[in-house]
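Breakdown of the fold
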Amino acid sequence: MEQTAYGLTRKVDMGFDEAEAKVRQTLKDHGFGILTEIDIQKTLKEKINVDFGRYMILGACNPSSAHKALTAEPEIGLMLPCNVIVYEDADGATHVAGMDPSAAMSMVNNEALNEVAGDVRVKMKAALEAV
């Protein structure tokens, strides 16, 4: 697992379809639901007639954590849900990544929110490592 400035990412040893299915299952297993799905390849083709590689954005949410975050900071909804991506690179390798809630929430000065973000980060990291 690699830590970037804003996310947790890793290359996986499986194809795109298998990785997407595994990501969905591990998110569910770790208490996340999928609220949104964006198929970037399809959307870019339909909207601007551009060919793009396979790339799926899943908007994941842990309901109890979201409730705590929204209670602590009502406008934090601007940063929800936690996006998780599955994509193929130019060499055909599959990658999975999730936003790091601690990094995203660090710009908000609210200790209660930082605690929630830390808890969600632990769950997100565990889910991605299980893929």
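Our subject is the structure that appears above.
Description of the structure in this document.

Cut-offs and rules
Residues numbered from 1 in each chain as written. Predicted model: local features only at pLDDT ≥ 70, side-chain atom pairs only at ≥ 80, totals over all residues. Heavy atoms only, no water. Buried < 20%, exposed > 50% of the residue type's maximum accessible area, 1.4 Å probe, protein only. Helix = DSSP H or I, 4+ residues; strand = E, 2+ residues; numbered from the N terminus. Pairing = 2+ DSSP bridges. Contact = heavy atoms within 4.5 Å. Arc of directions from axis to C-beta. Axes fitted to C-alpha atoms, helices over the stretch in contact; angles between N-to-C directions. Parallel < 35°, antiparallel > 145°, perpendicular 65-115°, else oblique. Left-handed = near helix turned anticlockwise from the far one by under 90°. Nonpolar A, V, L, I, M, F, W, Y, C, P; charged D, E, K, R; others polar. Core = buried A, V, L, I, M, F, W, Y, C linked by side-chain atoms within 4.5 Å.

Below, the discussion takes up the pairing of strand 4 (residues 55-61). Most of strand 4 sits out of view: six of its seven residues are buried. As paired strands, strand 3 (residues 33-39) and strand 4 are joined by six bridges and run antiparallel to one another. By the bridge assignment, Glu37 is partnered in strand 4 with Leu58. Across six bridges, the pairing between strand 4 and strand 5 (residues 82-88) is antiparallel. Bridging from a neighbouring strand, Ile57 pairs with Ile85 of strand 5.

Examined against the element boundaries, Tyr87 turns out to sit in strand 5. Overall, the relative accessible area of 22% leaves Tyr87 in the partly exposed class. On a C-alpha basis, the gap between Tyr87 and Asp17 in space is 9.8 Å, while along the polypeptide they are 70 residues apart. Each residue touching Tyr87, except ones within four places of it in the same chain, is listed here: Phe16, Arg54, Tyr55, Ala93, Thr94 and His95.

When helix 3 (residues 63-72) is considered as a whole, its buried residues turn out to be Ser65, Ala66 and Ala69. For helix 3, the buried positions fall inside an angular range of 100 degrees around the axis, keeping them on one side. Looking at helix 3, the residues exposed on the side facing more than 90 degrees away from the buried face are Pro63, His67 and Thr71. Those residues of helix 3 that are buried are in contact with strand 4 and helix 5 (111-129).

This part is about the packing of helix 3 against helix 5. Orientation of helix 3 relative to helix 5, taken along the N-to-C sense of each, is 160 degrees, at an axis distance of 9 Å. By the angle between their directions, the pair helix 3 and helix 5 is classed as roughly antiparallel. As helix 3 runs across helix 5, the sense of the crossing is left-handed. For the pair formed by helix 3 and helix 5, the contact residues are Ser65, Lys68, Ala69 and Ala72 on the first element and Ala112, Leu113, Val116, Val120 and Lys123 on the second. Classifying every residue of the contact of helix 3 with helix 5 gives six nonpolar, one polar and two charged.

Among the nonpolar cores identified, the biggest contains 29 residues, and Val23, Leu27, Val84, Val96 and Met124 are the most heavily contacted of them. For this core, the elements supplying multiple residues, two or more each, are strand 2 (7-12), helix 1 (16-29), strand 4, strand 5, strand 6 (94-99), helix 4 (101-105) and helix 5. Sort the elements by how many residues they give to this core and helix 5 lands first, with seven residues. Beyond its immediate sequence surroundings of up to four residues, Val23 is in contact with Leu58, Val84, Val86, Val96 and Val131.

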